[in-house]
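One letter stands for each residue in the lines below.
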Amino acid sequence: MNSGNNAKNKEKDKTTLGKDDFLKILITQLQNQDPTQPLQDKEFIAQMAQFTSVEQLTNMAGEMKLMRQSLGFVSGLIGKSITWTDIDSSGASEEKSGIVDSITFKDGNQYANVKGVEIPLDKLKKIENVGESK
């Protein structure tokens, strides 16, 4: 069954133009241009800007897909008890715990919110259901 899905994905990829296809078209155009009337600078710059736009849109689509997948995972933390290591103002580390109220996304990073405190997910040491013993 997986081989059928892979075949469909490959077939789908052939029906849409991506950044590689756009670059191939641009290279072909440059190779086959009339030497007496070369591609004008402003036309070339416009095409390169289009290529950059296509590339950025492709990157954004990939990042949005990862964020949707990640959001599905981290939303499961809401209502769970978490434990993390916090560094206080004197530089000493302290283990804290609490129940996740919500999840926040800032600057591409994800945070678990416990009573208004944002904890980066990479600082988590333990995740457990509320009421479970250590």
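Located above this text is the structure these notes cover.
Residues numbered from 1 in each chain as written. Predicted model: local features only at pLDDT ≥ 70, side-chain atom pairs only at ≥ 80, totals over all residues. Heavy atoms only, no water.

**Concerning the overall build of the chain**
- Check the secondary structure of the chain and you find three helices and six strands.
- Ordering the α and β elements of the chain from the N terminus gives α-α-α-β-β-β-β-β-β.
- In the chain, buried positions account for 17% of the 134 residues.
- In the structure as shown, the chain presents an accessible area of about 10400 Å², 53% of it carried by carbon and sulfur atoms. (Helix = DSSP H or I, 4+ residues; strand = E, 2+ residues; numbered from the N terminus. Buried < 20%, exposed > 50% of the residue type's maximum accessible area, 1.4 Å probe, protein only. Areas by Shrake-Rupley, 256 points an atom, 1.4 Å probe, with all protein chains shown as cover.)

**Overview of the sheet that holds strand S5 (residues 117-120)**
- Ordered in space as S3-S4-S5, the three strands form an open sheet in which the pairing is antiparallel. The open sheet is flanked by strand S3 (102-106) and S5, the only strands paired with a single partner. Here the average twist between neighbouring strands, direction ignored, is 40 degrees.
- Bridge analysis of strand S4 (residues 109-114) against S5 gives four bridges, and the strand direction is antiparallel. For alanine 112, the partnering residue across the bridge sits in S5 and is isoleucine 119. (Pairing = 2+ DSSP bridges. Axes fitted to C-alpha atoms, helices over the stretch in contact; angles between N-to-C directions.)

**With respect to a nonpolar patch on the surface**
- Taken together, Met64, Met67 and Phe105 make up a surface patch of nonpolar side chains, about 260 Å² in accessible area.
- As for its placement among the helices and strands, methionine 64 is situated in helix H3 (residues 41-74). (Patch = residues over 30% accessible without salt bridge, like charges linked within 9 Å, V, L, I, M, F, W, Y side chains within 5 Å. Salt bridge = Lys/Arg side-chain N within 4 Å of Asp/Glu carboxyl O.)

**Re the sheet that holds strand S6 (residues 124-128)**
- Read from one edge to the other, the open sheet built from three strands follows the order S2-S1-S6, with strand pairing classed as antiparallel. The sheet is open, and its two borders are formed by strand S2 (93-99) and S6, each paired with just one other strand. Across this sheet, the average inter-strand angle for adjacent strands is 20 degrees, counted without regard to direction.
- Bridge count for strand S1 (residues 81-87) against S2 is seven bridges, and the pairing is antiparallel. Within S2, the position partnered with threonine 83 by the bridge is serine 97.

**Considering the pattern of salt bridges**
- With the rule as written, the count across this model stands at three salt bridges.
- We note a salt bridge from aspartate 86 to lysine 96, for which the minimum N-O separation is 3.1 Å. Separated by ten residues along the polypeptide, aspartate 86 in strand S1 and lysine 96 in strand S2 bring together distant segments of the chain.
- Looking at aspartate 86, the relative accessible area reads 27%, which means it is partly exposed.
- Accessibility expressed as a relative area gives 31% for lysine 96, which makes it partly exposed.
- With its nearest N and O atoms 3.2 Å apart, the salt bridge here joins glutamate 95 to lysine 125. Note that glutamate 95 is positioned in strand S2 and lysine 125 in strand S6, a separation of 30 residues in sequence. Lysine 125 carries the same exposure label as glutamate 95, and that label is exposed.

**Here we look at the environment of threonine 28**
- Within the element layout of this structure, threonine 28 appears in helix H2 (residues 19-31).
- Assessed through its relative accessible area of 41%, threonine 28 is described here as partly exposed.
- Here the side chain of threonine 28 touches lysine 24 through a polar contact of 2.8 Å, landing on its backbone oxygen. (Polar contact = N/O pair within 3.5 Å; in protein donor to acceptor, adjacent residues only side chain to side chain.)

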